[in-house]
Amino acid sequence: MVQKKPQPAKAVTIAPKKRGRPRAFEPDVALGKAMDTFRDGGFAATSLDDLSEAMGINRPSLYGTFGDKRELFLKAYERYRAEMAEKFAPAFAPGLTLRQMLEKIYATALDVYLAGENGPRGCFTVMTATSEAMADPEIRPLVQRALGSTQRTLAKRFQAAIETGELPPTANVQILSQIAASTVEALAIRSRARVPRSELEAIAKGTVDLICGPSPAATKV
């Protein structure tokens, strides 16, 4: 039997696999997602996997853009502080009476603190950053500066109110500013505990009346 000469196998060309392109993301949007995630769960309870999933990026991209978890937390907190400054700015607009300013501050605070996809989140400073400030020497001054800034701003406004006659000359601006600022912090804590808004508004109104006196509507017979 004559055997046929085997034919050479045809070369098969295999196309190289295309490497997947890194998932595109907007750093500012991703940082906002990280901020929300830290506000919901706190620093210790929020894992890198939680952050990666919420931000829509993988760990290498997270590290490359924002650094480690602590660096990301600091960036997220700074982002929060900038957002709050913008949200509360209208409350300090020129032309508002002292009562109007305080009412707007507390209404804005409740809008912020009661918001959240998973329920009220309260304040990043009061509810999240303060717990880290105890052990972290870099976070501590940020929190102290945030808390102190609110009181100093209010003290200046109360001093101006004395000069315009909205407060009596004997008013203690330091004590009043401490009371007003502490009410903001109390609203943050109670919001996170899901106290009804109506109760929180009653607390805010009580503080405004304590500082400014009863509202004109309340004194009408």
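Since the structure is predicted, the reported quantities are computational estimates derived from the model, not experimental observations.

Undergrad: Please explain the overall build of the protein as it appears in this structure.
TA: Secondary structure summary: the protein contains 10 helices and zero strands in total. Overall, the protein shows an N-to-C arrangement of helices and strands of α-α-α-α-α-α-α-α-α-α. Looking at the protein as a whole, 39% of its 221 residues are labelled buried. Expressed as a percentage of contacts within the protein between residues at least 6 apart in sequence, the contacts between residues at least 24 apart total 64%.

Undergrad: Whenever I open this one, the side chain of S177 confuses me. Can you help?
TA: By the element assignment, S177 lies in helix 8 (residues 173-192). The class of S177 is buried, set by a relative accessible area of 0%. Other than its neighbours up to four places away in sequence, S177 contacts Q151, L154, A155 and F158.

Undergrad: Which parts of the structure should I look at to understand helix 2 (residues 48-55)?
TA: For an α-helix the count is 3.6 residues per turn, leaving residues at separations of three or four pointing the same way. Inspection of helix 2 places L48, L51, S52 and M55 among the buried residues, and these make up the whole buried set. Buried residues of helix 2, viewed axially, fall in a sector of 100°; they line one side. Tucked into the core, helix 2 has its buried residues touching helix 1 (27-41), helix 3 (59-66) and helix 4 (69-88). Of the residues flanking the end of helix 2, it is G56, one or two places downstream, whose phi is positive at about 75°.

Undergrad: Would you explain the UniProt feature "DNA-binding region" (unreviewed entry) in the protein in this entry?
TA: Per the UniProt entry, the sites bearing "DNA-binding region" (unreviewed entry) are residues 47-66 in this numbering. Segment residues 47-66 splits into 80% helix and 0% strand. End C-alpha atoms: 15 Å apart.

Undergrad: Teacher, can you tell me more about the packing of helix 7 (residues 139-164) against helix 8 here?
TA: A pair of packed helices can be characterised by two numbers: the angle between their axes and the separation between those axes. Between helix 7 and helix 8, whose axes approach to 8 Å, the crossing angle comes to 135°. When the interaxial angle is binned, helix 7 and helix 8 end up oblique. Crossing handedness for the pair helix 7 and helix 8: right-handed. In contact with L147, T150, Q151, L154, A155, F158, Q159 and I162 of helix 7, helix 8 contributes V173, Q174, L176, S177, Q178, A180, A181 and E185. Of the residues that constitute the contact of helix 7 with helix 8, the class distribution is nine nonpolar, six polar and one charged.

Undergrad: Help me understand the side chain of T128, please; the structure alone is not making it clear to me.
TA: Within the secondary structure layout, T128 lies in helix 6 (residues 124-133). Under the relative-accessibility criterion, T128 is labelled buried at 3%.

Undergrad: I keep staring at unusual backbone geometry and nothing clicks. Help me out?
TA: Leaving glycine aside, a negative phi is the common case for residues, and trans is the common case for peptide bonds. For R194, which is not glycine, the phi dihedral falls at a positive 65°. Counting through the fold element by element, R194 comes out in the loop between helix 8 and helix 9 (197-212).

Undergrad: Explain the confidence of the model for the protein to me, please; I cannot follow it from the model alone.
TA: For residues with low pLDDT, the predicted coordinates do not support detailed interpretation. Averaged over every residue, the pLDDT of the protein is 86; residues scoring 70 or more account for 86%. Confidence drops under pLDDT 50 across residues 1-6; counting only partners more than four residues distant or on other chains, this segment forms zero contacts. Confidence drops under a pLDDT of 50 for residues 11-23, and excluding neighbours within four residues, the segment shows one contact in the predicted structure.

Undergrad: Can you walk me through the environment of D50 in this structure?
TA: Structurally, D50 is set in helix 2. Placed 13 residues apart in sequence, D50 and T37 show a C-alpha to C-alpha distance of 7.7 Å. Ignoring any residue separated from it by four or fewer positions in sequence, one finds D50 in contact with T37 and A45.

Undergrad: When you look at the packing of aromatic side chains in this model, what are you seeing that I'm missing?
TA: Centre-to-centre distance and the angle between the planes together describe a pair of aromatic rings. In total, this model carries six aromatic pairs according to the counting rule given. Aromatic side chains F73 and F124 sit 5.5 Å apart centroid to centroid with 70° between the ring planes, which places their arrangement in the edge-to-face category. Remark: F124 occurs in helix 6 and F73 occurs in helix 4; sequence separation between them is 51 residues. Cluster of aromatic residues (ring-pair linked, three or more members): F38, F43, F73, Y77, Y80 and F124. Its guanidinium or amino end placed over the ring of F43, K69 lies 4.5 Å from that ring's centre, counting from NZ or CZ.

Conventions used here
Residues numbered from 1 in each chain as written. Predicted model: local features only at pLDDT ≥ 70, side-chain atom pairs only at ≥ 80, totals over all residues. Heavy atoms only, no water. Helix = DSSP H or I, 4+ residues; strand = E, 2+ residues; numbered from the N terminus. Buried < 20%, exposed > 50% of the residue type's maximum accessible area, 1.4 Å probe, protein only. Contact = heavy atoms within 4.5 Å. Arc of directions from axis to C-beta. UniProt positions renumbered as here; feature names shortened; annotations may be inferred. Axes fitted to C-alpha atoms, helices over the stretch in contact; angles between N-to-C directions. Parallel < 35°, antiparallel > 145°, perpendicular 65-115°, else oblique. Left-handed = near helix turned anticlockwise from the far one by under 90°. Nonpolar A, V, L, I, M, F, W, Y, C, P; charged D, E, K, R; others polar. pLDDT = per-residue confidence, 0-100. Phe/Tyr/Trp six-rings, centres within 6.5 Å; stacked < 30°, edge-to-face > 60°. Lys NZ or Arg CZ within 6 Å of the ring centre and 35° of its normal.

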